Amino acid sequence: AIDVLDAAGAPVAVSGRGVVSAPPVTVQFADGTEAVQAWAGPWPVDERWWDAVRARRTARFQVLTRSGRPLLVGVERGRWWLTAEYR
């Protein structure tokens, strides 16, 4: 789990229509915080929409931190996750 925050330090949210509450400015990891240099997204993902029990809605972003870390992050039910780190 991670936190993706806006300029005011509030968590970035994504609406059901894929609208971002504010641009991501920082990413907080368990071991520190990194500033966001660039970002792209969101890309909404609606998995198993036909199955009410197993359905999932996620929004994914690509984020490049100032230190040069390219990340794939996602938010699901208001919680942010680090999905991948590219090398």
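Structure's up top.
Thresholds, definitions, all that
Residues numbered from 1 in each chain as written. Predicted model: local features only at pLDDT ≥ 70, side-chain atom pairs only at ≥ 80, totals over all residues. Heavy atoms only, no water. Pairing = 2+ DSSP bridges. Helix = DSSP H or I, 4+ residues; strand = E, 2+ residues; numbered from the N terminus.

A. Fine view of the pairing of strand β2 (residues 26-29). Taken together, the three bridges between strand β1 (residues 3-5) and β2 define a ladder with antiparallel strand orientation. From the neighbouring strand, Asp3 faces β2, where its bridge partner is Gln28. Judged from the four bridges that link them, β2 and strand β3 (residues 32-47) form a sheet pairing that is antiparallel. By the bridge assignment for β3, Thr26 is matched with Ala35. The turn joining β2 and β3, which pair antiparallel and follow one another in sequence, is formed by two residues.

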